[in-house]
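# Commentary on secondary and tertiary structure
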Amino acid sequence: MPPFDHVPLADRLALARHVLALSAPRGEAPTPLEITPRFVRATPPGARRTAAYLTLRNAGADDALIGARSAAAASVSLHRSAHEGGVMRMEPVERLALPSGATVELEPGGLHLMLEELRVPLAPGATVAVELLFLNGPPRTVELPVLREVPK
Amino acid sequence: MSGRVPLGLALALTALVAGCRGVPSEPALQDYGAFRDFELTAQTGERFDTASLRGRPILLFFGYTACPDVCPTTLSRLGEAVRLARADGNDPIAVFVTVDPQADTPTRLTEVLGFFEFPGVGLTGTPEEIDAVRESTGIFAAKTPSEGGAGYVVDHTVSVLLVDEAGRLRYLFQTGDPPRLMADAVARLAAEG
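Residues numbered from 1 in each chain as written. Chains lettered and ligands numbered in written order. Predicted model: local features only at pLDDT ≥ 70, side-chain atom pairs only at ≥ 80, totals over all residues. Heavy atoms only, no water.

Between chain A and chain B, the residue contacts involve 31 residues of the former and 32 residues of the latter. Buried area between chain A and chain B, summed over both chains or domains, comes out near 2400 Å², and the portion from carbon and sulfur atoms is 56%. Taken together, chain A and chain B are joined by 0 salt bridges. Our enumeration of links across chain A and chain B arrives at 13 residue pairs in polar contact (both at pLDDT 80 or more). Sorting the residues of the side of chain A that touches chain B by element identifies strand 2 (49-58), strand 4 (73-84), strand 5 (87-92) and strand 8 (111-118) of chain A as the ones contributing at least two each. Residues belonging to the side of chain A that touches chain B are distributed by class as follows: 12 nonpolar, 10 polar and 9 charged. Direction of pairing for strand 5 of chain A relative to strand 7 (residues 152-157) of chain B: antiparallel, over a ladder of 2 bridges. Paired with A:Val87 across the two strands is B:Thr157, which belongs to strand 7 of chain B. (Contact = heavy atoms within 4.5 Å. Buried area = accessible area lost by both parts, 1.4 Å probe. Salt bridge = Lys/Arg side-chain N within 4 Å of Asp/Glu carboxyl O. Polar contact = N/O pair within 3.5 Å; in protein donor to acceptor, adjacent residues only side chain to side chain. Helix = DSSP H or I, 4+ residues; strand = E, 2+ residues; numbered from the N terminus. Nonpolar A, V, L, I, M, F, W, Y, C, P; charged D, E, K, R; others polar. Pairing = 2+ DSSP bridges.)

Let us now look at the confidence of the model for chain A. When pLDDT is averaged along chain A, the result is 85, and 78% of the positions lie at 70 or above. When pLDDT is averaged over each element of chain A, strand 7 (residues 103-105) of chain A comes out on top at 98 and helix 1 (residues 9-23) of chain A at the bottom at 52. (pLDDT = per-residue confidence, 0-100.)

With that settled, the discussion passes to the side chain of B:Arg170. Note that B:Arg170 resides in strand 9 (residues 169-173). Beyond its immediate sequence surroundings of up to four residues, B:Arg170 is in contact with B:Leu29, B:Gln30, B:Asp31, B:Tyr32, B:Leu162, B:Asp164, B:Leu189 and B:Glu192.

For the structure on display, the rule yields 20 salt bridges over all chains. B:Asp91 is paired through a salt bridge with B:Arg86; the nearest N and O atoms lie 3.9 Å apart. Taking the relative accessible area as the measure of exposure, B:Arg86 reaches 36% and is therefore partly exposed. By sharing partners, the salt bridges in this structure join A:Arg38, A:Glu105 and A:Glu107 into a single network. (Buried < 20%, exposed > 50% of the residue type's maximum accessible area, 1.4 Å probe, protein only.)

All names here are of chain B. Scanning all chains against the criterion turns up 1 disulfide over all chains. What pairs with Cys-67 in a disulfide is Cys-71, and their sulfur atoms sit 2.5 Å apart. Taking the torsion about the sulfur-sulfur bond, which here is approximately 90°, the covalent link between Cys-67 and Cys-71 counts as right-handed. What makes Cys-71 buried here is its relative accessible area of 1%. (Disulfide = S-S within 2.5 Å.)

Core analysis: the biggest nonpolar cluster contains 89 residues, and A:Leu56, A:Leu113 and A:Leu132 have the highest contact counts within it. By residue number, the principal contributor to this core is helix 2 (residues 70-87) of chain B, which donates 7 residues. Dropping the residues within four chain positions of it, A:Leu56 is found in contact with A:Glu34, A:Ile35, A:Leu65, A:Leu96, A:Leu98, A:Ala102, A:Thr103, A:Val104, A:Leu106, A:Leu132 and A:Phe134. (Core = buried A, V, L, I, M, F, W, Y, C linked by side-chain atoms within 4.5 Å.)

Here's what the structure looks like:
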């Protein structure tokens, strides 16, 4: 039996994309999923939590953000600050759909990655690497600057 | 005559220039009635009564320091609003009241508000005191379990309240309202005389 014949077609396609992505030379061919880092909010002394923000632009096939991790925090999870009648609720988001052609903003007061149990306080000027896990595409690591938020 | 500006236009231009430095046209202030003052414990550990602030506009926000997204954003905006208003020649004060009194001790408030260079006072108290203040002010808060580290989040009202010099509730800012709008509201209060 040829290798991978027991693997369902969808998984084989995903695997192929994975291998292609891994073998693609750096700096060639535009990545179908463009990730623009924004920032991680700097934390006060003793803080255990903060939020990370970025923009996802999917020029490829439908995908979804299904998880994230970072060496800076014991847990990283996707949340949405949902606003209703002046009340803000934090809702966990298990899977963030990234349909083909979509741009999704993770920004203050909306979708964000919540970093919990920070290993160290995050001072302005530092950077935090966050690995993003996707349903179809390969994992991607993004470097985010630590900033005090500039109010607008 | 080509060098002369018509009187009406000159007046309009003068008004326009004055308008830039004078009273902003937005936001439209309301009157939601008398603000109910309360006494809690400040970050210094001393008791603090909001009635002692009469004569100054108050920008009041409820939140908690373990909040990762909305509270730090609002604390930053509130601080910037007060700095803008002071640059305009007005003298508001920012007040932060915790909705998580178990975690937000005076020491914790000192650390966090110091980090944000918060231009005002942070207040905490016993859970009963905080509940009473929330009820009299109409602020919702509910501690909700969450999966990650701290184990909880506190869903809560995130509007910023504007209390005027006379102690009346005059405006509710929504999350995302820019610092300039808050500073402009303070300028409009000042223009009321």
